Amino acid sequence: MRLELTDDQEAFRDTVRRFADQAVRPRAAQIDADDQFPRDLVREAGARGLMGVTIPVDAGGAGRDYVSYALAIEAIATASATLAIILAGNNSLVAEVVAQFGTTAQRATWLRRLATGQAVGAFALSEPDAGTDAANQHTTATLDGGGYRLNGRKVWVANGEVADLLLMFAATEPGIGGRGVSAFLLPSGTAGLRAETTADSLGVRGLGCRDIDLDDVRVGADARLGAPGDGFRIAMWTLDGGRVAIAAQALGIGQAAFDAALAHAKRRQTFG
Ligand SMILES: Cc1cc2nc3c(=O)[nH]c(=O)nc-3n(C[C@H](O)[C@H](O)[C@H](O)COP(=O)(O)OP(=O)(O)OC[C@H]3O[C@@H](n4cnc5c(N)ncnc54)[C@H](O)[C@@H]3O)c2cc1C
(Lines give C-alpha, C1' and ligand atoms only; values in the text may rest on other atoms or scores of the structure.)
Protein backbone atom coordinates (compact mmCIF):
# COMPACT_ATOMS: atom_id res chain seq x y z
CA MET A 1 0.00 0.00 0.00
CA ARG A 2 1.33 3.42 -0.91
CA LEU A 3 1.08 5.74 2.10
CA GLU A 4 2.78 8.86 0.68
CA LEU A 5 0.83 11.46 -1.24
CA THR A 6 1.53 11.75 -4.96
CA ASP A 7 2.86 15.05 -6.31
CA ASP A 8 -0.54 15.67 -7.85
CA GLN A 9 -2.35 15.09 -4.53
CA GLU A 10 0.08 17.42 -2.71
CA ALA A 11 -0.33 20.13 -5.35
CA PHE A 12 -4.13 19.88 -5.12
CA ARG A 13 -4.01 20.02 -1.28
CA ASP A 14 -1.77 23.12 -1.44
CA THR A 15 -4.18 24.86 -3.81
CA VAL A 16 -7.10 24.13 -1.48
CA ARG A 17 -5.04 25.28 1.53
CA ARG A 18 -4.40 28.63 -0.19
CA PHE A 19 -8.13 29.05 -0.87
CA ALA A 20 -8.86 28.13 2.77
CA ASP A 21 -6.28 30.60 4.13
CA GLN A 22 -7.07 33.50 1.82
CA ALA A 23 -10.84 33.28 1.30
CA VAL A 24 -12.35 31.07 4.02
CA ARG A 25 -10.44 31.64 7.28
CA PRO A 26 -11.08 35.43 7.35
CA ARG A 27 -14.84 34.75 7.13
CA ALA A 28 -15.20 31.80 9.50
CA ALA A 29 -15.90 33.61 12.78
CA GLN A 30 -18.54 35.80 11.13
CA ILE A 31 -20.28 32.81 9.51
CA ASP A 32 -20.47 31.24 12.96
CA ALA A 33 -21.64 34.43 14.70
CA ASP A 34 -24.33 35.24 12.09
CA ASP A 35 -25.41 31.64 11.35
CA GLN A 36 -25.53 32.66 7.68
CA PHE A 37 -25.07 30.12 4.88
CA PRO A 38 -21.97 31.36 2.96
CA ARG A 39 -23.43 31.23 -0.58
CA ASP A 40 -20.56 33.21 -2.12
CA LEU A 41 -17.90 30.88 -0.68
CA VAL A 42 -19.87 27.87 -1.87
CA ARG A 43 -19.95 29.38 -5.38
CA GLU A 44 -16.18 30.01 -5.22
CA ALA A 45 -15.57 26.48 -3.97
CA GLY A 46 -17.70 25.16 -6.84
CA ALA A 47 -15.61 27.10 -9.35
CA ARG A 48 -12.54 25.30 -7.94
CA GLY A 49 -14.05 21.84 -8.36
CA LEU A 50 -14.72 21.44 -4.63
CA MET A 51 -18.44 20.68 -5.01
CA GLY A 52 -17.72 17.56 -7.08
CA VAL A 53 -14.16 16.54 -6.26
CA THR A 54 -14.53 12.87 -7.31
CA ILE A 55 -17.11 13.46 -10.05
CA PRO A 56 -15.66 12.84 -13.52
CA VAL A 57 -14.45 15.90 -15.41
CA ASP A 58 -16.86 15.28 -18.31
CA ALA A 59 -19.72 15.50 -15.79
CA GLY A 60 -18.50 18.83 -14.41
CA GLY A 61 -16.41 17.58 -11.48
CA ALA A 62 -12.71 17.70 -10.66
CA GLY A 63 -12.24 13.98 -11.49
CA ARG A 64 -9.95 13.36 -8.50
CA ASP A 65 -9.48 10.38 -6.20
CA TYR A 66 -10.88 9.90 -2.71
CA VAL A 67 -7.59 10.74 -0.98
CA SER A 68 -7.60 14.13 -2.73
CA TYR A 69 -11.20 14.63 -1.66
CA ALA A 70 -10.30 13.90 1.99
CA LEU A 71 -7.31 16.28 1.76
CA ALA A 72 -9.59 19.03 0.42
CA ILE A 73 -12.19 18.63 3.18
CA GLU A 74 -9.42 18.51 5.81
CA ALA A 75 -7.83 21.71 4.46
CA ILE A 76 -11.16 23.57 4.35
CA ALA A 77 -12.02 22.36 7.89
CA THR A 78 -8.86 23.94 9.31
CA ALA A 79 -10.43 27.27 8.30
CA SER A 80 -14.18 26.63 8.65
CA ALA A 81 -15.90 23.47 9.92
CA THR A 82 -19.11 24.85 8.47
CA LEU A 83 -17.89 25.16 4.88
CA ALA A 84 -16.27 21.73 5.15
CA ILE A 85 -19.56 20.06 6.04
CA ILE A 86 -21.47 22.02 3.38
CA LEU A 87 -19.05 20.71 0.74
CA ALA A 88 -19.05 17.19 2.21
CA GLY A 89 -22.85 17.12 2.12
CA ASN A 90 -22.97 18.09 -1.54
CA ASN A 91 -20.08 15.83 -2.61
CA SER A 92 -20.57 12.61 -0.65
CA LEU A 93 -24.20 12.73 0.26
CA VAL A 94 -25.72 13.83 -3.05
CA ALA A 95 -23.46 14.28 -6.11
CA GLU A 96 -21.63 10.95 -5.73
CA VAL A 97 -24.96 9.20 -5.13
CA VAL A 98 -26.53 10.63 -8.29
CA ALA A 99 -23.38 9.60 -10.20
CA GLN A 100 -23.54 6.06 -8.80
CA PHE A 101 -27.27 5.28 -8.81
CA GLY A 102 -28.88 7.89 -11.10
CA THR A 103 -30.50 7.02 -14.41
CA THR A 104 -29.08 8.67 -17.52
CA ALA A 105 -31.86 11.27 -17.29
CA GLN A 106 -31.29 11.93 -13.56
CA ARG A 107 -27.55 12.34 -14.12
CA ALA A 108 -28.17 14.64 -17.09
CA THR A 109 -30.51 16.83 -15.02
CA TRP A 110 -28.48 17.10 -11.83
CA LEU A 111 -24.89 15.94 -11.94
CA ARG A 112 -23.17 18.84 -13.70
CA ARG A 113 -25.16 21.40 -11.70
CA LEU A 114 -24.25 19.73 -8.39
CA ALA A 115 -20.59 19.18 -9.30
CA THR A 116 -20.04 22.78 -10.36
CA GLY A 117 -21.97 24.33 -7.47
CA GLN A 118 -24.72 25.75 -9.67
CA ALA A 119 -27.04 23.63 -7.54
CA VAL A 120 -26.66 22.59 -3.90
CA GLY A 121 -27.72 19.15 -2.70
CA ALA A 122 -28.99 17.98 0.69
CA PHE A 123 -29.46 14.51 2.19
CA ALA A 124 -32.70 13.90 4.10
CA LEU A 125 -32.60 10.60 6.00
CA SER A 126 -32.89 11.46 9.72
CA GLU A 127 -36.29 11.78 11.37
CA PRO A 128 -37.37 12.51 14.94
CA ASP A 129 -37.41 8.72 15.60
CA ALA A 130 -34.87 7.63 12.98
CA GLY A 131 -31.31 8.69 13.77
CA THR A 132 -28.90 5.84 14.50
CA ASP A 133 -31.93 3.61 13.82
CA ALA A 134 -32.15 5.00 10.28
CA ALA A 135 -34.19 2.07 8.91
CA ASN A 136 -37.08 3.12 11.15
CA GLN A 137 -38.48 5.52 8.53
CA HIS A 138 -41.89 7.01 9.35
CA THR A 139 -41.98 9.19 6.24
CA THR A 140 -44.06 7.30 3.70
CA ALA A 141 -44.13 7.25 -0.10
CA THR A 142 -47.45 5.83 -1.24
CA LEU A 143 -48.08 4.78 -4.83
CA ASP A 144 -50.36 7.39 -6.38
CA GLY A 145 -51.37 6.94 -10.01
CA GLY A 146 -48.12 6.54 -11.91
CA GLY A 147 -46.05 8.20 -9.17
CA TYR A 148 -45.80 8.64 -5.39
CA ARG A 149 -47.27 10.79 -2.63
CA LEU A 150 -44.84 11.53 0.23
CA ASN A 151 -45.76 12.48 3.79
CA GLY A 152 -43.65 12.86 6.90
CA ARG A 153 -40.96 14.91 8.60
CA LYS A 154 -37.19 15.04 8.25
CA VAL A 155 -34.80 16.63 10.77
CA TRP A 156 -31.23 17.92 10.72
CA VAL A 157 -31.02 18.41 6.95
CA ALA A 158 -27.64 20.11 6.36
CA ASN A 159 -27.71 22.53 3.37
CA GLY A 160 -31.53 22.40 3.70
CA GLU A 161 -31.84 26.20 3.72
CA VAL A 162 -30.52 26.63 0.18
CA ALA A 163 -30.75 23.15 -1.34
CA ASP A 164 -31.97 22.87 -4.92
CA LEU A 165 -32.14 19.09 -4.68
CA LEU A 166 -33.13 16.88 -1.75
CA LEU A 167 -32.10 13.23 -1.67
CA MET A 168 -35.12 12.04 0.27
CA PHE A 169 -35.73 8.67 1.91
CA ALA A 170 -39.19 7.27 2.65
CA ALA A 171 -40.89 3.96 3.38
CA THR A 172 -42.63 2.58 0.30
CA GLU A 173 -43.43 -0.54 2.35
CA PRO A 174 -43.78 0.64 5.96
CA GLY A 175 -43.22 -1.74 8.84
CA ILE A 176 -40.57 -4.01 7.29
CA GLY A 177 -37.52 -1.87 8.14
CA GLY A 178 -34.72 -1.11 5.69
CA ARG A 179 -36.05 -3.41 2.94
CA GLY A 180 -39.12 -1.18 2.64
CA VAL A 181 -37.26 2.13 2.17
CA SER A 182 -36.88 3.88 -1.21
CA ALA A 183 -34.87 6.95 -2.26
CA PHE A 184 -36.18 9.94 -4.21
CA LEU A 185 -34.70 13.03 -5.88
CA LEU A 186 -36.94 15.98 -4.99
CA PRO A 187 -36.32 19.46 -6.40
CA SER A 188 -36.69 21.86 -3.46
CA GLY A 189 -39.55 23.81 -5.07
CA THR A 190 -41.84 20.76 -5.18
CA ALA A 191 -45.29 21.61 -3.78
CA GLY A 192 -45.87 20.29 -0.25
CA LEU A 193 -42.28 20.70 0.99
CA ARG A 194 -41.79 23.13 3.87
CA ALA A 195 -38.50 23.86 5.62
CA GLU A 196 -38.15 25.32 9.10
CA THR A 197 -35.34 25.98 11.55
CA THR A 198 -35.61 24.24 14.88
CA ALA A 199 -32.05 23.40 15.87
CA ASP A 200 -28.99 25.50 16.60
CA SER A 201 -26.19 23.62 14.86
CA LEU A 202 -23.59 24.64 17.46
CA GLY A 203 -20.03 24.35 16.09
CA VAL A 204 -21.21 24.37 12.48
CA ARG A 205 -23.52 27.41 12.43
CA GLY A 206 -24.20 28.65 8.92
CA LEU A 207 -24.70 25.12 7.67
CA GLY A 208 -28.32 25.86 6.71
CA CYS A 209 -29.65 23.02 8.85
CA ARG A 210 -33.42 22.63 8.43
CA ASP A 211 -36.26 20.34 9.39
CA ILE A 212 -38.43 19.51 6.40
CA ASP A 213 -42.13 18.68 6.42
CA LEU A 214 -43.59 16.71 3.55
CA ASP A 215 -47.31 17.25 3.14
CA ASP A 216 -48.75 15.27 0.21
CA VAL A 217 -45.66 15.84 -1.95
CA ARG A 218 -46.47 14.36 -5.38
CA VAL A 219 -43.71 13.12 -7.65
CA GLY A 220 -43.51 10.93 -10.72
CA ALA A 221 -41.94 7.46 -10.61
CA ASP A 222 -38.97 8.98 -12.45
CA ALA A 223 -38.07 10.82 -9.19
CA ARG A 224 -37.24 7.49 -7.55
CA LEU A 225 -33.50 6.77 -7.30
CA GLY A 226 -32.82 3.05 -7.74
CA ALA A 227 -35.45 0.34 -7.51
CA PRO A 228 -38.28 0.29 -4.93
CA GLY A 229 -36.79 -0.96 -1.64
CA ASP A 230 -33.22 0.03 -2.60
CA GLY A 231 -33.28 3.21 -0.48
CA PHE A 232 -31.70 1.93 2.70
CA ARG A 233 -28.88 0.22 0.80
CA ILE A 234 -28.30 3.50 -1.09
CA ALA A 235 -28.30 5.44 2.21
CA MET A 236 -25.70 3.10 3.75
CA TRP A 237 -23.52 3.28 0.60
CA THR A 238 -23.79 7.06 0.82
CA LEU A 239 -22.76 7.21 4.46
CA ASP A 240 -19.65 5.10 3.74
CA GLY A 241 -18.35 8.05 1.68
CA GLY A 242 -19.79 10.56 4.11
CA ARG A 243 -17.81 9.05 6.98
CA VAL A 244 -14.51 9.58 5.13
CA ALA A 245 -15.40 13.25 4.68
CA ILE A 246 -16.54 13.69 8.29
CA ALA A 247 -13.32 12.04 9.53
CA ALA A 248 -11.30 14.41 7.33
CA GLN A 249 -13.33 17.32 8.69
CA ALA A 250 -12.58 16.22 12.27
CA LEU A 251 -8.89 15.97 11.45
CA GLY A 252 -8.87 19.52 10.07
CA ILE A 253 -10.72 20.90 13.08
CA GLY A 254 -8.33 19.07 15.44
CA GLN A 255 -5.25 20.33 13.60
CA ALA A 256 -6.50 23.93 13.68
CA ALA A 257 -7.30 23.67 17.40
CA PHE A 258 -3.87 22.19 18.11
CA ASP A 259 -2.08 24.90 16.07
CA ALA A 260 -4.03 27.67 17.84
CA ALA A 261 -3.29 26.19 21.28
CA LEU A 262 0.39 25.79 20.45
CA ALA A 263 0.71 29.39 19.23
CA HIS A 264 -1.03 30.60 22.38
CA ALA A 265 1.13 28.42 24.66
CA LYS A 266 4.31 29.81 23.10
CA ARG A 267 3.23 33.39 23.86
CA ARG A 268 1.88 32.74 27.31
CA GLN A 269 3.86 32.92 30.54
CA THR A 270 2.39 32.15 33.96
CA PHE A 271 3.95 31.57 37.38
CA GLY A 272 7.19 32.79 35.90
C1 LIG B 1 -24.86 19.18 12.71
C2 LIG B 1 -25.65 17.99 12.24
C3 LIG B 1 -25.89 17.80 10.89
C4 LIG B 1 -26.63 16.73 10.44
N5 LIG B 1 -26.88 16.60 9.10
C6 LIG B 1 -27.71 15.62 8.68
C7 LIG B 1 -28.08 15.55 7.29
O8 LIG B 1 -27.64 16.35 6.45
N9 LIG B 1 -28.97 14.60 6.90
C10 LIG B 1 -29.48 13.69 7.80
O11 LIG B 1 -30.28 12.84 7.37
N12 LIG B 1 -29.14 13.72 9.12
C13 LIG B 1 -28.28 14.65 9.58
N14 LIG B 1 -27.93 14.72 10.92
C15 LIG B 1 -28.52 13.75 11.85
C16 LIG B 1 -27.53 12.71 12.29
O17 LIG B 1 -27.31 11.80 11.24
C18 LIG B 1 -28.13 12.04 13.54
O19 LIG B 1 -28.05 12.99 14.57
C20 LIG B 1 -27.40 10.77 13.89
O21 LIG B 1 -27.75 9.76 12.96
C22 LIG B 1 -27.72 10.31 15.31
O23 LIG B 1 -29.08 10.20 15.46
P24 LIG B 1 -29.84 10.86 16.73
O25 LIG B 1 -29.43 12.29 16.84
O26 LIG B 1 -31.29 10.56 16.61
O27 LIG B 1 -29.23 10.11 17.97
P28 LIG B 1 -29.68 8.71 18.57
O29 LIG B 1 -29.87 7.71 17.48
O30 LIG B 1 -30.83 8.94 19.49
O31 LIG B 1 -28.41 8.33 19.41
C32 LIG B 1 -28.12 8.98 20.66
C33 LIG B 1 -27.01 8.21 21.34
O34 LIG B 1 -27.44 6.87 21.62
C35 LIG B 1 -26.53 5.93 21.05
N36 LIG B 1 -27.31 4.77 20.59
C37 LIG B 1 -28.26 4.78 19.62
N38 LIG B 1 -28.75 3.56 19.46
C39 LIG B 1 -28.12 2.75 20.35
C40 LIG B 1 -28.20 1.37 20.67
N41 LIG B 1 -29.04 0.56 20.04
N42 LIG B 1 -27.40 0.91 21.64
C43 LIG B 1 -26.54 1.72 22.30
N44 LIG B 1 -26.42 3.04 22.03
C45 LIG B 1 -27.20 3.54 21.08
C46 LIG B 1 -25.83 6.66 19.93
O47 LIG B 1 -24.55 6.11 19.66
C48 LIG B 1 -25.75 8.06 20.47
O49 LIG B 1 -24.62 8.22 21.30
C50 LIG B 1 -27.15 15.78 11.38
C51 LIG B 1 -26.90 15.94 12.75
C52 LIG B 1 -26.16 17.03 13.18
C53 LIG B 1 -25.91 17.18 14.67
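Residues numbered from 1 in each chain as written. Predicted model: local features only at pLDDT ≥ 70, side-chain atom pairs only at ≥ 80, totals over all residues.

### Here we look at the overall build of the protein
Of regular secondary structure, the protein possesses six helices and eight strands. Ordered by position in the sequence, the α and β elements of the protein form the string α-α-α-α-α-β-β-β-β-β-β-β-β-α. Taking 19 Å as the expected radius of gyration for a compact globule of 272 residues, we find that the protein reaches 19 Å, a close match to that expectation. Across its three principal directions, the C-alpha atoms of the protein cover 75 × 45 × 35 Å. Classification of the 272 residues of the protein by burial places 46% in the buried group. (Helix = DSSP H or I, 4+ residues; strand = E, 2+ residues; numbered from the N terminus. Rg over C-alpha atoms; globule rule 2.2 N^0.38 Å. Buried ≥ 20, exposed ≤ 12 C-beta atoms within 10 Å, placed from the backbone.)

### Here's the deal with the pairing of strand S7 (residues 210-220)
In the sheet, strand S3 (residues 147-157) pairs with S7 via eight bridges, with the strands oriented antiparallel. Residue pairing across strands places Lys154 opposite Ile212, the latter belonging to S7. Judged from the four bridges that link them, strand S6 (residues 193-196) and S7 form a sheet pairing that is antiparallel. Pairing of Leu193 across the sheet is with Leu214, part of S7. (Pairing = 2+ DSSP bridges.)

### Examining the domain arrangement of the protein
For the protein, the domain assignment lists domain 1 (7-119 + 234-267) and domain 2 (121-226). Between domain 1 and domain 2, the C-alpha centre-to-centre distance is 23 Å. Listed by partner, the interface residues are 27 residues for domain 1 and 24 residues for domain 2. For the side of domain 1 that touches domain 2, the elements supplying multiple residues, two or more each, are helix H1 (7-34), helix H4 (81-101), helix H5 (104-116) and helix H6 (231-267). Broken down by element, the side of domain 1 that touches domain 2 gets its largest block of residues, 11 residues, from H4. (Domains from an automatic or database assignment. Contact = placed C-beta atoms within 7 Å.)

### A closer look at the nonpolar core
Ranked by internal contacts, the top residues of the largest apolar core, which has 81 residues, are Ile73 and Ile76. If you tally residues by element for this core, the top one is H4, at 14 residues. Formed jointly, this core draws a minimum of three residues from each of two domains, domain 1 (7-119 + 234-267) and domain 2 (121-226). In contact with Ile73, not counting residues within four places along its chain, are Ala84, Leu87, Ala88, Ala245, Ala248, Gln249 and Gly252. (Core = buried A, V, L, I, M, F, W, Y, C linked by C-beta atoms within 7 Å.)

### Topic: the site of the ligand
Around the ligand, a shell composed of 13 residues is seen, among which Ser126, Gly131, Thr132, Trp156 and Ala158 lie nearest. Of all the elements in the fold, those that place two or more residues in the shell around the ligand are strand S1 (121-124) and S3. Among the residues forming the shell around the ligand, the class breakdown is eight nonpolar, five polar and no charged. (Near = placed C-beta within 6 Å. Nonpolar A, V, L, I, M, F, W, Y, C, P; charged D, E, K, R; others polar.)

### Notes on unusual backbone geometry
Glycine aside, a negative phi is what most residues show, and trans is what most peptide bonds show. Although it is not a glycine, Asn159 adopts a positive phi angle of roughly 70 degrees. Looking at the secondary structure, you find Asn159 in the loop between S3 and strand S4 (165-171). For Asn159, a count of 28 C-beta atoms within 10 Å translates into the label buried. Phi at Asp216 takes a positive value of approximately 50 degrees, unusual for a residue other than glycine. As for its placement among the helices and strands, Asp216 is situated in strand S7.

### Examining H6
Taking 1.5 Å of rise per residue, the 37 residues of H6 would be expected to cover 54 Å, and the 53 Å separating its terminal C-alpha atoms lies within 8% of that figure. Among the residues making up H6, those that are buried are Gly231, Phe232, Ile234, Ala235, Thr238, Gly242, Ala245, Ala248, Gln249 and Gly252. Residues of H6 that are buried in the fold lie against helix H3 (66-79), H4, S1, S4, strand S5 (181-187) and strand S8 (224-225). (Expected span 1.5 Å × (residues − 1).)

### Considering the pairing of S4
Taken across its seven residues, S4 has seven buried, putting it largely inside the fold. Here S4 shows two buried faces, one formed by Leu165, Leu167, Phe169 and Ala171 and the other by Leu166, Met168 and Ala170. Taken together, the four bridges between S1 and S4 define a ladder with parallel strand orientation. By the bridge assignment, Ala124 is partnered in S4 with Met168. Pairing analysis gives seven bridges linking S4 to S5, with the strands arranged antiparallel. Its bridge partner lying in S5, Leu167 is registered against Leu185.

### Some points on the packing of H4 against H6
Their axes nearest at 9 Å, the elements H4 and H6 cross at an angle of 155 degrees. The orientation of H4 with respect to H6, classified from their angle, is roughly antiparallel. Considering how the two elements wind past one another, H4 and H6 form a crossing that is right-handed. Counting all contacts with H4, which are made through Ala81, Ala84, Ile85, Ala88, Asn91, Ser92, Leu93, Glu96, Val97 and Phe101, the residues of H6 involved are Ile234, Thr238, Gly241, Gly242, Ala245, Ile246, Gln249, Gly252 and Ile253. Here the residues of the contact of H4 with H6 sort into 11 nonpolar, seven polar and one charged. (Axes fitted to C-alpha atoms, helices over the stretch in contact; angles between N-to-C directions. Parallel < 35°, antiparallel > 145°, perpendicular 65-115°, else oblique. Left-handed = near helix turned anticlockwise from the far one by under 90°.)

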